[in-house]
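Chain residues, written in single-letter form:
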Amino acid sequence: MMKMATKRKLPYSLKRLFGFLHIFLRNRRGTLGLAIISAFLFIAFFSPLLTPYDTLGRDATDVKSPLSATFGAPVWLRYLPSVLGGIPDLSENQFVNGTLDWNVSASHPSYTIYESSIGDPQTDGAGSLAVSFRREKGEIPHGEVRISITKEFEFPYNGFPGRFMGDIVLCANGTTHEEDELYYEEIPAKPDLNGDGVGNETDKKIIEDAMGSSDGIADLDGDGDVTKLDLGIWLYGTTLAKYRSDRHLDVPIEVHVFLGHVGGETWNIYPYYSPGRYYAPSGFKSDATGKVWIAKSTQDVPALKGWIYPQYGESLTSLINSELGVLRGDRGVFKGEDPVRTIFTETPGKYVWGIEIIFVDNESSDEIVETTLYIDNFNLEIHGTSFGLLGTDQYGRDLFAQLVYGSRISLYIGILTAVLGVTIGLVIGLAAGYLGRFVDEILMRFADTLLVLPMLPLLIVLIYVLGARIENLILIMGFLGWMGFSRLVRSQVLSLRERPFVEAAKAVGSGTTHIIRRHILPNVMSLVYVTLATTVPGAITVEASLAWLGFIDPTRMSWGRMLYENQYTAAIANWWWVIPPGLCIAALAVSFILLGFALDEILNPRLRRRR
Amino acid sequence: MELYSIESGHGKRRLKYLHFLPRTRGVGMGLRFYITKRILYAFILLFFIIALNFIIFRLMPGDPIAMLLNPFEKTSIEDKIRQEEELKKQWGLNEPLHVQFAMYVRNLFTWNFGKSIVSRKPVSQEMLYKIPYTLTLLGTTTILAVIIGVLWGAYTAQKRGSLFDSFSVTSSLVFYSLPVFWLGLVFILIFFVNLGWLPHAHAFPTEWALGWPQPYKMTSSVSGGTLNILVSLNPGEILEFIGGYVSHAFLPILTLTIFQYGGFLLLTRAVMMETLTEDYVITARAKGLEERTVLFKHALKNASLPLITSAAISFGFILSGAIITETVFTWPGLGGWIWDAINLRNYTVLMAIFYVIAICVIVANLMADLLYGIIDPRIKYG
């Protein structure tokens, strides 16, 4: 019985739907709105197909590995004539990679190179090779053996690149020996000496008591005598240079990564590690400021800082980054200058990029000595000043991807808020209108109270209390956005409940729930559809406004947040960053309003008659 | 646009249980009853809002006493606790909640909002400095938006179905649903960044002294009120003075007007379309009156009721309506102040602004209701 009913019902409702569509498509504004909404739905569903990039970085967790230079312009601006606002001196991304066509030159033949190139160099950062140095038994030391592996490339753009970087990984292994080495030990202020967990007056007393003796605990500077100096160290802390015995490679390695004009000056690029944040692995020497020096020669910088003694299994990554690096060339060290502007010129040119490996074979030994340096991700990424369809943001993330994925968030917020608000408004309106009396009075006074509140300041305060997650925003807007609609439903229900068909239903003994569900509700559904459509734009715009004011969900990139980040980084002159998100918000909001107006005209025949 | 109308069939049912209100007889008494009831409702609403204001700000993060204590002062823990107790006693925070609430209400009615946590000046004094800016900006904007919206809407209704009609409706829909801060950003991009014609922030040139409205040249030589200063300036300086303000106010006013006129246009159009099909309009046309006379003297006059209500209500939101626009243009009014106060957790300021805004809205709503009751003879007082 039931089955038959549904079988008959389906074609009937389909027919009704097509009939409605037929009427709807005759309304031009409504059709336009529906088309725009469909387009945005399509974009939201298929965003991974439209752009390969992520909105918050190369992968979702990593903001620090961007796609291109910061504040990049759209690529098509390069080809636009200047009259129309084109910028001809933009450059694009260029990746110098691969391992197969490197030029290798060496000062001595006692080395071997193993090359391999696995995977896609664009994504995996392939470009791996191993360089091995070996001196047989009985041979005299070769001194410095220099091997330079270079690659020439052309940078064909009429402008500087934005920056360059490379995630080169170095790792060394070989025969080793014991050797004293200098290391730095940092003693914090007020260290804990007696092991009770806190450095306090009792620890100070230990030193004061041991003054003059050679107490091991109290002798902080390790000179075999407890003096006032130790007390000073205890009070203020210091960094001590100390020696310890350690295993080192028989043949230490020195590495330069360099970049420069072909036939012109080349520059060694030193990575810079900010102290306290990134420490070089223990196999590599860093000085007190945290800089890792990979020096040109032993004379260049103090010997103990200049050598790398990599031990097995330890590696140094992120070797070069033009934004964090320090340059060293024939004319000295350039610290304050942008490495990009120092190395590159504004005209197209040929550049050479490479790595020089120096095996320093000085130790005389009767045994076989051997050292192998493994190099991975031996690629150079030059980030241009233009990228993609819409350029990049302050981290070099693709703006087009942010725009595409933003449609998901706006639709999500708009539709869920509308559904929540309309549902609450419907229930309250039905209750107030049909039940009347005290229920009506209380609910409508409550609605009046909420209507009087200034909505945006209240929203801001609530978001401030609850946190700026998008779900919170939806809940708040839903629970504060039902009042107008409930009044509308109530006034409709007030007139419906006096109609003859309700009276007839009452006469045959229908209950309140049944009457509301079967007789009142279907008659207010047209209002529901219209209000659903006209509530969405408000929610979208409010989300954008709140995001622009700084209440952003840090895990998601919305259109409002794009505008916030533009404002935050004072990049308003980058119009390609300002215009598209706002246009999208406006287009989506307007299309929902158009849809709502069209539905209103069709579902409420009062207006149709008037036309 | 929400149309705040008084639903018919309201009063009869209510009278059954609102017997404690003065019962009235006759038409004149009905109006008095209506007004009394509306005023009573306004006061109940005000009480609710004061209570809500009181509760919300106790939910917000942060401890006001902790903000008053100096964290770098070297005192023992016992001293700190004693200090805290003293401060609590001084500010009345050791009292039970209902006493605190009573104190709060008393202070609100005596216009004593306490001191701003940031500037340590009385909030009411600071507010008096900010309000003129917001009133200037929003007042001008609302008046402009009403005039443009109503006139344009009336014409649109008359030419319904034409290309002009669909252009007007679509454009006002578009402007009405644009994010207003983005509109402001685009204007800044065009007029400040690209063309360099207009300033993008503040209410007057930054060289001027921080007074309202005193150009720097005159602050030292002339004492007295604003008018004296304006009169004693020479014509060139007057032009510079006016130009300074107008050029700064132009973009915010433009932005807000474009954002607001659409609502009035759509409302006017909807109301006028109903009115224009009435019989008396046809009669007026048949008499051979000019189309303009018919439109504005006959139709618009009768259609103006919901417009007046709607305009009154938007005047109520005049103080709160421009947080975003004022933030975009760094306008030194109440909206920008709200934003700063939220950022700096300036709770005393926030509470005061909320209260003032709510009063403004309640009074405007009351005015709208009363106007409706007085103007429209057809209304059932309910």
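**Some thoughts on the overall build of chain B**
Logical step 1: Of the regular secondary structure elements, chain B holds 15 helices and zero strands.
Logical step 2: Here chain B holds 382 residues, and 47% of them are scored as buried.
Logical step 3: A separation threshold of at least 6 residues defines the contact pool for chain B, and within that pool the share at least 24 residues apart is 73%.
Logical step 4: Approximately 19,600 Å² of chain B is accessible, and the part contributed by carbon and sulfur atoms is 65%.

**Things to note about the overall build of chain A**
Logical step 1: Counting its secondary structure elements, chain A contains 18 helices and 18 strands.
Logical step 2: In chain A, which comprises 611 residues, the share counted as buried stands at 50%.
Logical step 3: Taking contacts inside chain A between residues at least 6 apart in sequence as the whole, the part at least 24 apart equals 77%.
Logical step 4: Carbon and sulfur atoms make up 59% of the accessible area of chain A, which totals about 29,000 Å².

**Things to note about the packing of aromatic side chains**
Logical step 1: Under the criterion given, the structure shown has 30 aromatic pairs over all chains.
Logical step 2: Arranged with centres 5.4 Å apart and planes meeting at 55 degrees, the rings of A:Tyr53 and A:Phe387 form a pair that is tilted. With A:Tyr53 in the loop between helix H3 (47-50) and strand S1 (94-96) and A:Phe387 in the loop between strand S18 (380-383) and helix H9 (399-435), the pair connects residues that are 334 residues apart, well separated along the chain.
Logical step 3: Relative to B:Tyr261, the ring of B:Phe175 has its centre 6.3 Å away and its plane inclined at 55 degrees; by these criteria the two rings are tilted.

**Brief notes about the pairing of strand S5 (residues 143-155) of chain A**
Residue and element names in this part refer to chain A.
Logical step 1: Of the pairings in the sheet, the one linking strand S2 (residues 103-106) to S5 comprises four bridges and is antiparallel in character. By the bridge assignment, Ser105 is partnered in S5 with Ser148.
Logical step 2: Strand direction decides the pairing type here: S5 and strand S16 (residues 349-361), joined by 13 bridges, are antiparallel. For Glu152, the partnering residue across the bridge sits in S16 and is Val352.

**As for the pairing of S16(A)**
All names here are of chain A.
Logical step 1: In terms of burial, S16 is largely enclosed, as twelve of its 13 residues are buried.
Logical step 2: Pairing of strand S10 (residues 253-261) with S16 involves nine bridges; the strand directions are antiparallel. Note on S16: the bridge partner recorded for Phe258 is Gly354.

**What about empty space enclosed by the protein?**
Residues and elements named next belong to chain A.
Logical step 1: All told, the structure shown has six cavities of 30 Å³ or more when counted by the stated rule.
Logical step 2: In this structure, the largest cavity occupies an estimated 100 Å³ of space.
Logical step 3: Looking at the largest cavity, it is lined by 14 residues, and the ones nearest its centre are Ile470, Glu543, Phe551, Ile552 and Asp553.
Logical step 4: For the lining of the largest cavity, the secondary structure elements donating two or more residues are helix H12 (470-480) and helix H15 (512-548).
Logical step 5: For the lining of the largest cavity, the class distribution of residues is eight nonpolar, one polar and five charged.

**Some words on the packing of H15(A) against helix H16 (residues 559-568) of chain A**
Residue and element names in this part refer to chain A.
Logical step 1: Running from N to C, H15 and H16 point in directions that differ by 25 degrees, and their axes come no closer than 7 Å. Our classification of the angle between H15 and H16 gives roughly parallel. Of the two possible hands of crossing, H15 and H16 adopt the one that is right-handed. Across the interface between the two elements, Glu543, Ala544, Ala547 and Trp548 of H15 pack against Gly560, Arg561, Leu563, Tyr564 and Gln567 of H16.
Logical step 2: Considering only residue class, the contact of H15 with H16 consists of five nonpolar, two polar and two charged.

**Observations regarding the domain arrangement of chain B**
Logical step 1: Annotation of chain B at the domain level lists domain 1 (62-101) and domain 2 (111-203 + 249-382).
Logical step 2: Computed from C-alpha atoms alone, the centre-to-centre distance between domain 1 of chain B and domain 2 of chain B is 44 Å.

**Side note on the confidence of the model for chain A**
All names here are of chain A.
Logical step 1: On average, residues of chain A score 77 in pLDDT, and 79% of them reach the 70 mark or higher.
Logical step 2: Overall, residues 272-318 carries pLDDT values under 50, and its contacts beyond four positions in sequence, including any with other chains, amount to 109 contacts.
Logical step 3: Contacts for the low-pLDDT stretch residues 607-611, under 50 throughout, to residues beyond four places or in other chains number nine contacts.

**Focus on helix H10 (residues 437-452) of chain A**
Logical step 1: Over its 16 residues, H10(A) runs 23 Å from end to end, which matches the ideal 22 Å to within 8%, given 1.5 Å per residue.
Logical step 2: Residues of H10(A) that are buried include every one of A:Asp440, A:Glu441, A:Leu443, A:Met444, A:Arg445, A:Ala447, A:Asp448, A:Thr449, A:Leu450, A:Leu451 and A:Val452, and no others.

**Re the interface of chain A and chain B**
Size of an interface, as often reported, equals the accessible area lost when the parts are brought together.
Logical step 1: Between chain A and chain B, the contact holds 49 residues from the first and 55 residues from the second.
Logical step 2: Taking both sides of the interface into account, the surface hidden between chain A and chain B amounts to around 4,900 Å²; carbon and sulfur atoms contribute 74%.
Logical step 3: On inspection of chain A and its partner chain B, the count reaches zero salt bridges.
Logical step 4: The interface formed by chain A and chain B holds two residue pairs in polar contact (both at pLDDT 80 or more) in total.

**So, the side chain of A:Asp203**
All names here are of chain A.
Logical step 1: Following the sequence through the fold, Asp203 ends up in helix H5 (residues 201-209).
Logical step 2: Here Asp203 sits buried without a salt bridge, and the closest side chain of opposite charge, Lys190, lies 10 Å off (N-O distance).
Logical step 3: In this structure Asp203 touches Pro191, Asp192, Leu193, Asn194, Asp196, Val198 and Trp234, once residues within four positions along its chain are discounted.

What counts, and where the lines are drawn
- For every chain, the first residue of the written sequence is number 1, and numbering continues from 1 onward in sequence order.
- Each chain is given a letter, starting from A, and each ligand a number, starting from 1, according to the order in which they appear as written.
- Local features in this predicted model are restricted to residues whose pLDDT is 70 or higher, and side-chain atom pairs enter the listing and the counts only when it is 80 or higher, whereas totals over whole chains, interfaces and linings include all residues.
- Note that water and hydrogens are dropped before the side-chain values are worked out from all heavy atoms of the structure.
- Numbered from the N terminus, helices here are DSSP runs of H or I no shorter than four residues, and strands are runs of E no shorter than two.
- A simple rule labels every residue: compare its accessible area, found with a 1.4 Å probe on the protein chains alone, to the largest value its type can have, and call it buried under 20%, exposed over 50%, or partly exposed in between.
- Whether two residues are in contact is decided by their heavy atoms: any pair within 4.5 Å suffices.
- Note on areas: Shrake-Rupley, 1.4 Å probe, and residue coverage restricted to the protein chains presented here.
- Classification of ring pairs uses Phe, Tyr and Trp, with its six-membered ring standing for Trp, and accepts pairs whose centres are within 6.5 Å; under 30 degrees between planes counts as stacked, over 60 as edge-to-face, and the remaining range as tilted.
- In this analysis, strands are considered paired if DSSP registers two or more bridges between them.
- A cavity, in this analysis, means grid points on a 1 Å lattice covering only the protein atoms where a 1.4 Å probe fits yet has no way out; a pocket is instead an open set bounded by protein on both sides within 12 Å along at least five of seven lines, and a residue lines either one if it has an atom within 4 Å of a point.
- Grid points are joined across faces, edges and corners, and a volume is the space filled by probe spheres set on the points.
- Note that Gly is not counted as nonpolar here; it falls among the polar residues with everything else outside the nonpolar set of Ala, Val, Leu, Ile, Met, Phe, Trp, Tyr, Cys and Pro and the charged set of Asp, Glu, Lys and Arg.
- Only the stretch in contact is used when fitting a helix axis, every axis being a line fitted to C-alpha atoms; angles between N-to-C directions are given from 0 to 180 degrees.
- Should an angle lie under 35 degrees it is considered roughly parallel, over 145 roughly antiparallel, and from 65 to 115 roughly perpendicular; all remaining angles are considered oblique.
- By convention the crossing between two helices is left-handed if the near helix lies anticlockwise of the far one by an angle smaller than a right angle, and right-handed if it lies clockwise.
- Either an automatic procedure or a domain database provided the assignment from which the domain bounds are taken.
- As a per-residue measure, pLDDT reflects the predictor's confidence and takes values from 0 up to 100.
- In a helix, the anticipated span is given by 1.5 Å times the number of residues less one.
- Note on terms: buried area is the combined drop in 1.4 Å-probe accessible area of two parts once they are placed together, counting the loss on both.
- For this analysis, a salt bridge means a side-chain nitrogen from Lys or Arg found within 4 Å of a carboxyl oxygen belonging to Asp or Glu.
- Polar contact criterion, stated in full: a pair of N or O atoms within 3.5 Å, where within protein one must be able to donate a hydrogen and the other to accept it, and residues adjacent in sequence count only if both atoms are side-chain atoms.
- Under this rule, positive means Lys or Arg and negative means Asp or Glu; His and the chain ends count for nothing.

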